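One-letter residues, chain by chain:
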Amino acid sequence: MTHAMLKGSNVPLDATAVRAVLRWTPGAGVPDVDASALLVGPDGRVRSDEDFVFYNQPRHPSGLVRHLPKTRLSDALTDTIEAELAQLDASVARVVLAASSDGGPFAGVSDLRVLLYDAAADGAEPLAVFDVVPDTGEETALICGELYRRGEGWKFRALGQGYQSGLVGLATEFGISVDENEGGDGAADEGSAAGRTAPGAAVPEPRAEDPTTAVERPADVPPAPAPATPVSPPPGAWPEEATAPPAGAPRTDPEAVTQHVPDGMPEPFSAAPLPSPPTGGYGYPADVPPPPPQPPAYGYPGPPPQAPGYPPQQPPAPAYGYPGPPPQPQPQPFVPDPSFVLPPQGPQFQHR
């Protein structure tokens, strides 16, 4: 029974040896695809560079993992990896099945899929099929899947994780030291198998651009003028009238923190004190003495005497613009008139 795998799914394997076939449809302008395998320990890294099996190192030293030659079918090309899982050393926790493209990213590769077979059963149906679809299409290396231990057996997991750094980035991700062969006398072309990456040497790190390097200025462009030093205006002058110092005059220290402030401007008005406002009411002249006190009204006593030791009470100030209120009459105490007699009473009041 063939299991159609989805990205991230897994399936148990009963076979002790498997054959992973990478298949795609070739054509004009289609990049070439190469299969590879990495024997990874529990820490996620290879034990040595010999754990990388690919076209330049097609056989693992143990002989249990092999890269087979490419095969052309009627409408497809295949590249194959075989692994005898039951006899692998216990220090190998996973066998990563990868693919790399030569001549362009995986966006130009059509019908890319992995078919997993039982290596001991020739002509049988595949155990699992996984259609590998890159996430962005710009990837030049893909982890198609992995064979990993589960208890005493093995399982296969479909992945499809991509890298844009090609086979070199994929190998260094798992701890392989690789060297980019550069062109020269006796060197193979970049597209051939001998001219591709080969294990066994440290990866040359790319030369980083120095961000502090000055950009070369064209000869016909004059240098930018230096910023003018601020000049303090002379005393009594407006800021707009300040001019640059004459030639040869010392410039202000750019690191000085003292702020140059011009002298104070002349006051537009005199500083003499203003006259005091008039104190009189609205419409009345100022500095007019108050009127003399008026005699008390007929039949009423005058104002009450002031208590000794206190200043005399002042009348309330008049309201703004109006004269003060008139004095209020004071009530007099009742004094009977000794010469007062009742008039004669009428007969109705006489005793009979």
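Quick caveat: nothing in here was measured; it's all calculated off a predicted structure.

A. Examining the overall build of the protein chain more closely. Helix and strand counts for the protein chain stand at one helix and 14 strands. Burial status across the protein chain gives 28% buried among its 352 residues. Accessible area for the protein chain stands at about 24,800 Å²; split by element, carbon and sulfur atoms hold 57% of it.

B. Geometry of the side chain of Thr80. Considering the arrangement of structural elements, one finds Thr80 in strand S7 (residues 77–84). Exposure remark for Thr80: the relative accessible area of 8% places this residue in the buried category. Beyond its immediate sequence surroundings of up to four residues, Thr80 is in contact with Arg19, Ala20, Val21, Arg66, His67 and Leu68.

C. View of the confidence of the model for the protein chain. Across the protein chain, pLDDT averages 74, with 56% of residues at or above 70. Note that residues 182–221 has pLDDT below 50 and, in this model, 52 contacts with residues that lie over four places away or in other chains. Taken together, the stretch residues 225–245 has pLDDT below 50 and engages in 17 contacts with residues farther than four places along the chain or on a different chain.

D. Structural view of the pattern of salt bridges. Tallied over the full model, the rule gives ten salt bridges. Between Asp135 and Lys7 there is a salt bridge; the shortest N-O distance is 2.9 Å. With Asp135 in the loop between strand S10 (128–131) and strand S11 (141–150) and Lys7 in the loop between strand S1 (3–5) and strand S2 (10–13), this residue pair connects regions lying 128 residues apart in the sequence. Since its relative accessible area comes to 49%, Lys7 is described here as partly exposed. Taking the shortest distance from any N to any O, the salt bridge between Asp51 and Arg47 comes out at 3.0 Å. Judged by its relative accessible area of 2%, Asp51 is buried. On the basis of relative accessibility, which here comes to 41%, the residue Arg47 falls in the partly exposed class. A single network of salt bridges, built from pairs that share partners, joins Arg19, Arg66, Glu82 and Glu84.

E. Expanded view of the sheet that holds S2. Read across the open sheet, the six strands follow the order S2-S12-S11-S8-S4-S5; overall the sheet is antiparallel. Only two strands of the sheet have a single partner each, and these edge strands are S2 and strand S5 (52–53). Summarising the sheet, S2 and strand S12 (residues 153–163) pair through four bridges and their orientation is antiparallel. Residue pairing across strands places Pro12 opposite Lys155, the latter belonging to S12. The strands touched by helix H1 (residues 166–173) are strand S4 (32–40), S5, strand S8 (94–102), S11 and S12; relative to S11, the strand with the most contacts, the crossing angle is about 30 degrees.

F. Region of interest: the nonpolar core. Judged by nonpolar contacts, the single largest core of 38 residues is most densely connected at Leu88, Leu112, Leu147 and Phe156. Apart from the residues within four sequence positions on either side, Leu112 is in contact with Leu22, Arg23, Trp24, Val33, Phe106, Asp131, Val132 and Leu142.

G. Just the sheet that holds S7, in detail. Spatial ordering of the open sheet is given by S1-S10-S9-S3-S7-S6, a layout of six strands whose pairing is mixed. The sheet is open, and its two borders are formed by S1 and strand S6 (65–72), each paired with just one other strand. For this sheet the average axis-to-axis angle between neighbouring strands, irrespective of direction, equals 20 degrees. Here four bridges tie strand S9 (residues 110–118) to S10, and the two strands are oriented antiparallel to one another. Bridge assignment links Val114 to a residue of S10, and that residue is Phe130.

H. Looking closely at the packing of aromatic side chains. Evaluation of the coordinates by the stated rule reveals two aromatic pairs. On the basis of an interplanar angle of 65 degrees and a centroid distance of 5.0 Å, the ring pair of Phe54 and Tyr55 is categorised as edge-to-face. Each member of the pair, Phe54 together with Tyr55, is buried. Aromatic ring contacts, followed pair by pair, group Phe52, Phe54 and Tyr55 into a single cluster. Sitting above the plane of the Tyr148 ring, Arg157 keeps its charged end 4.1 Å from the centroid.

What counts and what doesn't
For every chain, the first residue of the written sequence is number 1, and numbering continues from 1 along that sequence. Given that this is a predicted model, residues contribute local features only at a pLDDT of at least 70 and side-chain atom pairs are listed and counted only at 80 or more, while totals for whole chains, interfaces and linings are drawn from all residues. Think of the side-chain values as coming from all heavy atoms in the structure, minus any hydrogens and water. A run of DSSP states H or I qualifies as a helix once it reaches four residues; a run of E qualifies as a strand once it reaches two. Both are numbered from the N-terminal end. Relative accessibility decides the category of a residue: with a 1.4 Å probe and only protein chains considered, values under 20% of the type maximum give buried, values over 50% give exposed, and everything between is partly exposed. Under the convention used here, a 1.4 Å probe and the Shrake-Rupley method define accessible areas, while residue burial counts only the protein chains that appear. Two residues qualify as a contact provided that any one of their heavy atoms is within 4.5 Å of a heavy atom in the partner residue. Note on scores: pLDDT gives the predictor's confidence for each residue, bounded by 0 and 100. Only one rule defines a salt bridge in this text: a Lys or Arg side-chain nitrogen within 4 Å of an Asp or Glu carboxyl oxygen. Think of it this way: DSSP has to see at least two bridges between two strands before they count as a pair. Throughout, an axis means a line fitted to C-alpha atoms (over the contacting stretch in the case of helices), and angles, computed between N-to-C directions, take values from 0 to 180 degrees. We define a nonpolar core as any set of buried Ala, Val, Leu, Ile, Met, Phe, Trp, Tyr and Cys residues linked to one another through side-chain atoms lying within 4.5 Å. A pair of aromatic rings is counted whenever rings of Phe, Tyr or Trp (Trp by its six-membered ring) have centres within 6.5 Å, and the orientation is called stacked for planes under 30 degrees apart, edge-to-face for over 60 and tilted otherwise. Charge-over-ring placement is defined geometrically: NZ (Lys) or CZ (Arg) within 6 Å of the ring centre, and within 35 degrees of the ring normal.

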